[in-house]
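Structural description and commentary
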Amino acid sequence: MSRRTSAAAVRRTVAAGLVAVAALGLAACGSDSQAGSASGGASVSGTVNVFAAASLTGSFTQLGKDFEAAHPGVKVVFNFGGSSALAQQINQGAPADVFASAAPKNLDQVTEKGTATTFARNKLEIAVPKGNPGKVTGLADFTDADRKIALCAEQVPCGAAAQKVFAAAKLTPQPDTLEQDVKAALTKVSLGEVDAALVYRTDVLAAADKVEGIDFPEATQAVNDYPIATLTKAPNADGAKAFVDFVLSEQGRKVLTDAGFEAP
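Residues numbered from 1 in each chain as written. Predicted model: local features only at pLDDT ≥ 70, side-chain atom pairs only at ≥ 80, totals over all residues. Heavy atoms only, no water.

Focus: the pairing of strand 5 (residues 124-129)
Note the cut-off: Per-residue accessibility, obtained with a 1.4 Å probe over protein chains only, is compared with the maximum for each type, and a residue is labelled buried under 20%, exposed over 50%, and partly exposed between these values. Numbering of helices and strands runs from the N terminus; a helix is a DSSP stretch of H or I covering at least four residues, while a strand is a stretch of E covering at least two. Pairing between strands is defined by DSSP: at least two bridges between the two strands are required.
With 6 of 6 residues buried, strand 5 lies mostly within the body of the structure. Here 4 bridges tie strand 5 to strand 8 (residues 196-200), and the two strands are oriented antiparallel to one another. The partner of A127 across the bridge, within strand 8, is A197. As paired elements, strand 5 and strand 9 (residues 211-214) share 4 bridges and run antiparallel to each other. Across the sheet, the residue bridging to P129 is V211, located in strand 9.

So this is what it looks like as structure tokens:
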């Protein structure tokens, strides 16, 4: 074999090797693209700040853990509270990516909200301490001044819903305390500080080791729709969209229904 022929053979071998490497690179890129598509498209990173109604504490905490597991390296930070207070914080410039409210009214108060989607429904239930020491049997007992009663304040969704059910029952309650979110009302019951409170069914289920629940027919007159939306000025827009999509997914719906929420 001549020296010229040998050199040509080497060049052909090198060229073939480069083609093979390029093909492998394209295959890898295609694989990454498919993986990105399967995980929801845009890559998610950083911290996702979620403002959510107090009644979502248990279910959203679980959803946050599941979302982080699906997106390694991402951190979900929650701010739970009364929906009216959360709306006010967002309007005052709090760095929120997502807002999940216990009523459409409070989400509507947010000036920088994106498109809202109803993701769950909830209704009220009477909560009493274990053993029901106050012998509460129904909504009429909330008019008894001798019993200690807790309600949510009027401006928060559980308080607005309570007003509706009392109006439907033509009753005037005699509350001893008005709480700023449903978890605070529930705490009064679990500590035995009140004989009864009106909270959400999901809260009774979450605290089943400390409280008992009593259904009442007027609860159907005030079922709360829970909307969720990204914020138009979200610091982490991709993360916000991904979290909302996760809540609306089949996995998200299962977590919510397991917690006692109804499908919208």
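Read on, since the account is not over.
Considering helix 8 (residues 237-248)
Quick reminder of the rule: One fewer than the residue count of a helix, multiplied by 1.5 Å, yields its expected span.
Under the 1.5 Å per step criterion, the end-to-end length of helix 8 is 17 Å for 12 residues, consistent within 8% with the ideal 16 Å. Looking only at helix 8, the buried set comprises G239, A240, A242, F243, V244, F246 and V247.

Digging into the side chain of N224
Put simply, the rule reads: The term polar contact refers here to a pair of N or O atoms within 3.5 Å; inside protein, the definition further demands a hydrogen-donor-capable atom paired with an acceptor-capable atom, and it admits residues adjacent in sequence only when both atoms are side-chain atoms. Two residues form a contact once any of their heavy atoms are found within 4.5 Å.
Topologically, N224 is positioned in strand 10 (residues 224-230). Within the local environment of N224, its side chain forms a polar contact with the side chain of Y200, the two groups lying 3.0 Å apart. What N224 contacts, discounting residues up to four positions off in sequence, is A102, A103, A120, R121, N122, P157, A161 and Y200.

Some thoughts on the sheet that holds strand 8
What counts here: Angles run from 0 to 180 degrees between N-to-C directions of axes, and those axes are lines fitted to C-alpha atoms, restricted for helices to the stretch in contact.
An order of 7-6-8-5-9 is seen for the 5 strands of this open sheet, with the pairing classed as mixed. Because the sheet does not close on itself, it has two edges, and the strands there are strand 7 (177-179) and strand 9. Between one strand axis and the next, the sheet turns through 35 degrees on average, direction left out of account. On the sheet, helix 5 (residues 157-169) packs against strand 5, strand 6 (149-152) and strand 8 and is oriented at approximately 110 degrees with respect to strand 8. Across the sheet, helix 6 (residues 182-190) lies against strand 5, strand 6, strand 7, strand 8 and strand 9, angled at about 140 degrees from strand 8, the strand it touches most.

So, helix 2 (residues 57-70)
Here helix 2 contains 14 residues, and its C-alpha end-to-end distance of 20 Å stays within 8% of the 20 Å for a straight helix at 1.5 Å per residue. Of the positions making up helix 2, those classed as buried are S59, F60, L63, G64, D66 and F67.

Here's the deal with the side chain of D141
By secondary structure assignment, the location of D141 is in the loop between strand 5 and strand 6. A distance of 2.6 Å separates a polar side-chain atom of D141 from the backbone nitrogen of T137. Excluding its chain neighbours within four sequence positions, the residues that come into contact with D141 are K135, V136, R147 and I149.

What to know about the packing of aromatic side chains
Basically, it comes down to this: Aromatic contacts are taken between Phe, Tyr and Trp rings whose centres are within 6.5 Å, Trp giving its six-membered ring; a plane angle under 30 degrees counts as stacked, one over 60 as edge-to-face, and the others as tilted.
Counted according to the given criterion, the structure contains 11 aromatic pairs. Arranged with centres 5.6 Å apart and planes meeting at 70 degrees, the rings of F67 and F246 form a pair that is edge-to-face. Of this pair, F67 sits in helix 2 while F246 sits in helix 8, and the two are 179 residues apart along the sequence. By relative accessible area, which is 10% here, F246 ends up buried. For the pair Y226 and F261, a centre-to-centre distance of 5.4 Å together with 75 degrees between the ring planes defines the contact as edge-to-face. In this pair, Y226 is assigned in strand 10 and F261 in the segment after helix 9 (250-258), connecting sequence segments 35 residues apart.

Re the confidence of the model for the chain
Keep this limit in mind: How sure the predictor is of each residue is captured by pLDDT, a score from 0 to 100.
Scored by pLDDT, the chain comes out at a mean of 87, with 84% of its residues at no less than 70. Long-range and interchain partners of residues 1-41, a stretch whose pLDDT sits below 50, account for 3 contacts in this model, where long-range means more than four residues apart.

Points about the sheet that holds strand 1 (residues 47-53)
Taken together, the 5 strands give an open sheet; going across it, the order is 2-1-3-10-4, and neighbouring strands pair in mixed fashion. Two strands lie at the open edges of the sheet, namely strand 2 (75-81) and strand 4 (117-122), each paired on one side alone. Strand-to-strand twist in this sheet, taken as the mean axis angle between neighbours without regard to direction, amounts to 20 degrees. The pairing of strand 1 with strand 3 (residues 98-100) spans 3 bridges and is classified as parallel. Bridge pairing in strand 3 places F51 opposite F99. Packing against the sheet, helix 8 makes contact with strand 1, strand 2, strand 3, strand 4 and strand 10, and its axis sits at approximately 150 degrees to strand 10.

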